[in-house]
Amino acid sequence: MTRSTRERIVDEALRLFAERGYSATSVAEIEAASGLSPGAGGLYRHFRSKYEVLAAAINEHATRTKSQVAESMATLATMESSVDLEERLSHLCRAGLAKVREESKLTRVFFRDLSQFPELVAVVRQGLLQPMFDAITTWFRTQPEYRDAEVDWTGVGVVLGGAVVHYRLFQETVGEAPAHAGKDQFVAAWVRLAMGLLPSPAPVA
């Protein structure tokens, strides 16, 4: 599908912000990358400022994340009766890894530049990060296998969700996986940890 000029501006601006930093990227550079005449003011037909482009990118990613999380949870819900727990857990973990990887450009911008824009940090927190952690917590609470487990599911969501986020962030910042563990190895370990939360069978009298 052909992107609109506005979409090109948002996408290319986020790419440049991730590669060079927000302050080091000029409006003219964004225009050139978007297929507009650099310095001719084409960006201002769609946005009032460079900041408004950044805000649009973050808000659009947050809106998309909410839809993606809802779709992933719906897909997982349809698997419950026909797929064993380990496979469902693997699917959940891989979906989280894919989502964090998809947001790699925004992640770089977040850590490099967003401290100067607390209102945008709030959007990332409420629109991207919190929905992912909430989804993990909700998923565990609704699985029949965990129904009798006396577990702090919010804490579990933080630990398991944090592991997924950390694995991808480590790759983004260091350039390789933590401890050189491949994705399949990470997912298998993640699933084993989650399986360990199952209620222990009652001791035989």
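Okay, so let's go over this structure. (Residues numbered from 1 in each chain as written. Predicted model: local features only at pLDDT ≥ 70, side-chain atom pairs only at ≥ 80, totals over all residues. Heavy atoms only, no water.)

A few words now on the nonpolar core. Within the largest apolar cluster, 31 residues are counted, with the highest numbers of intra-cluster contacts made by L89, W139, F140, Y146, F186 and W190. Contributions of two or more residues to this core are made by α3 (50–79), α4 (85–102), α6 (118–142), α7 (153–174) and α8 (183–195). Here this core takes seven residues from α7, the largest share from any one element. In this structure F186 touches C93, L97, A163, V164 and Y167, once residues within four positions along its chain are discounted. (Core = buried A, V, L, I, M, F, W, Y, C linked by side-chain atoms within 4.5 Å. Buried < 20%, exposed > 50% of the residue type's maximum accessible area, 1.4 Å probe, protein only. Helix = DSSP H or I, 4+ residues; strand = E, 2+ residues; numbered from the N terminus. Contact = heavy atoms within 4.5 Å.)

To find leftover empty space, a probe the size of one water molecule is rolled over the atoms. Counted as a void, the largest pocket has a volume near 320 Å³. Considering the residues around the largest pocket, the lining is formed by 20 residues, among which V69, A95, G96, K99 and M132 are closest to the centre. Taken together, the elements giving at least two residues each to the lining of the largest pocket come down to α3, α4, α6 and α7. Here the lining of the largest pocket gets seven residues from one element, more than from any other, and that element is α4. Reported here for the second largest pocket is a volume of approximately 260 Å³. Taken together, R3, E7, V10, D11, L14, R15, E60, H61, R64, E102 and K105 form the lining of the second largest pocket. Going through the elements one at a time, α1 (5–20) and α3 are the ones with two or more residues in the lining of the second largest pocket. Ranked by the residues each element gives to the lining of the second largest pocket, the list is headed by α1, at five residues. Classifying every residue of the lining of the second largest pocket gives two nonpolar, one polar and eight charged. (1 Å grid on protein atoms, 1.4 Å probe; cavity = no way out; pocket = protein on both sides within 12 Å on 5 of 7 lines; lining within 4 Å. Points joined across faces, edges and corners; volume = space filled by probe spheres on them. Nonpolar A, V, L, I, M, F, W, Y, C, P; charged D, E, K, R; others polar.)

Turning to unusual backbone geometry, a few remarks are in order. One non-glycine residue, A179, lies in the positive phi region at around 55°. For A179, the position within the fold is in the loop between α7 and α8. With a phi angle near 60°, H180 is a residue other than glycine that sits in the positive phi range. Relative to the elements of secondary structure, H180 occurs in the loop between α7 and α8. Taking relative accessible area as the criterion, H180 reaches 61% and is therefore assigned exposed.

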